[in-house]
Amino acid sequence: MSELVKFLFEGLPVRGMLVYLDEAWQELLRRRQTVGAHAPEVRTLLGELAAAGVLMQSNIKFNGALLLQIHGDGPVKLAVAEVQPDLAFRATATVVGAVPPGAQLAALCNPGGKGRCAITLDPRDKLPGQQPYQGVVPLHGDQREPLQQVAQVLEHYMLQSEQLDTRLVLASDERVAAGLLIQRLPVEGEGNLGGGQGGRRNEDEIGQSEAFTRIALLAATLTREELLTLGSEQILRRLFWEEPLRVFEPMRPRFACSCSRERVTGMLQSLGREESDGLIAERGRVEVGCEFCGLQYRFDAVDVAGIFTPPGRQAPGSQAVN
Ligand SMILES: [Zn+2]
């Protein structure tokens, strides 16, 4: 069952989370098949983005959507994962051209060195004029070396934007998308529960926490295979059996899409009457498939006429079919 498990190391300035998406991830892939399945390389990238998105959404106190977007200059033009505060998530990618077999992040999204990863927090109840918060990081490291893993890109982001030492392990296949996050807590911060008094000032400096270094090294021994096949209980026991671990009740991430007939109607309205009528004349109907969930929205001539008729004179619209 898909789950997100939070844990902390009692008395140490370190916390962690483990996400395991199985049926929720499989549902996303199944729905995507109706509009065309992703290449395995793209699927892996999206699974890792989805797992990372769930981890990052759980890691903040924020009432709104968290979006991870990779804008690429290779075959993957855009890869996006969106996670709501209740851990409902969706993800999709826009791919143009052939995907090289075995391609990783750099070949998929960054062959020209212009790829970017944007992390957006979009508040649910926006104040007038309020913009979503967005942070952007490149897909290369400090020495301009291209990064091969989404996890490395996001570790950079956390360090740069939040001054938080983070270790992230991500993995995904056709069955599971999963991730482990380990983070050093600011010692004076609210998340710090207990902990020794000595050496606090040292520990508060990035990279200076001995406990974090030890736990991050343990986390780094987790293999892709283990992350994809062992359950959370087994992973935590295997990695941290010597550590004072406190594990919280799991949360249940799920796949959900926020598309609707109203939004597609709005899209047709902005497309304009002439374009929409042109599509009707050409094909007899307008079909719009949601690339996140595969739902097909169909509009016939009467529906389209209704969209462009002033309110009060509208004919009832037809329903979306799956
Ligand atoms: Zn949808």
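Look a little higher up for the structure.
Description of the structure in this document.

The rules we used
- Residues numbered from 1 in each chain as written.
- Predicted model: local features only at pLDDT ≥ 70, side-chain atom pairs only at ≥ 80, totals over all residues.
- Pairing = 2+ DSSP bridges.
- Helix = DSSP H or I, 4+ residues; strand = E, 2+ residues; numbered from the N terminus.
- Buried ≥ 20, exposed ≤ 12 C-beta atoms within 10 Å, placed from the backbone.
- Contact = placed C-beta atoms within 7 Å.
- Axes fitted to C-alpha atoms, helices over the stretch in contact; angles between N-to-C directions.
- Arc of directions from axis to C-beta.

As for the pairing of strand 1 (residues 3–9)
As a general feature of sheets, a regular strand has side chains that alternate between the two faces.
Here is step 1 of the chain: For strand 1 and strand 2 (residues 14–21), the ladder comprises 6 bridges, and the chain directions are antiparallel. Residue Val5 lies in a different strand from strand 2, and its bridge partner there is Leu18.
Here is step 2 of the chain: Here strand 1 folds back onto strand 2, and the loop between the two strands holds 4 residues, one of which, Gly11, carries a positive phi near 80 degrees.
Here is step 3 of the chain: In terms of strand pairing, strand 1 meets strand 10 (residues 245–247) through 3 bridges, oriented antiparallel. Within the sheet, the bridge partner assigned to Phe9 lies in strand 10 and is Leu245.

With respect to the environment of Ala118
Here is step 1 of the chain: With respect to the secondary-structure elements, Ala118 resides in strand 6 (residues 116–123).
Here is step 2 of the chain: On the basis of neighbour count, Ala118 is assigned to the partly exposed category, with 15 C-beta atoms found within 10 Å.
Here is step 3 of the chain: In sequence terms Ala118 and Gly135 are 17 residues apart; their C-alpha atoms lie 5.7 Å from each other.

Observations regarding the sheet that holds strand 7 (residues 133–138)
Here is step 1 of the chain: Across the sheet, which stays open at both edges, the 6 strands sit in the order 7-6-3-4-5-11 with mixed pairing between neighbours. What marks the edges here is a single partner per strand, and that holds for strand 7 and strand 11 (254–255).
Here is step 2 of the chain: The pairing of strand 6 with strand 7 spans 6 bridges and is classified as antiparallel. Across the sheet, residue Cys117 finds its bridge partner in strand 7, namely Val137.
Here is step 3 of the chain: Docked against the sheet, helix 4 (residues 150–162) engages strand 6 and strand 7, running at close to 125 degrees with respect to strand 7.

As for helix 1 (residues 23–33)
Here is step 1 of the chain: For helix 1, every residue scored as buried is listed here: Ala24, Trp25, Leu28 and Arg32. For helix 1, the buried positions fall inside an angular range of 105 degrees around the axis, keeping them on one side.
Here is step 2 of the chain: Where helix 1 is buried, its residues contact strand 2, helix 2 (40–58), strand 5 (88–95), strand 9 (177–184) and strand 11.

Purely geometric stuff here, so don't read any function into it on its own.
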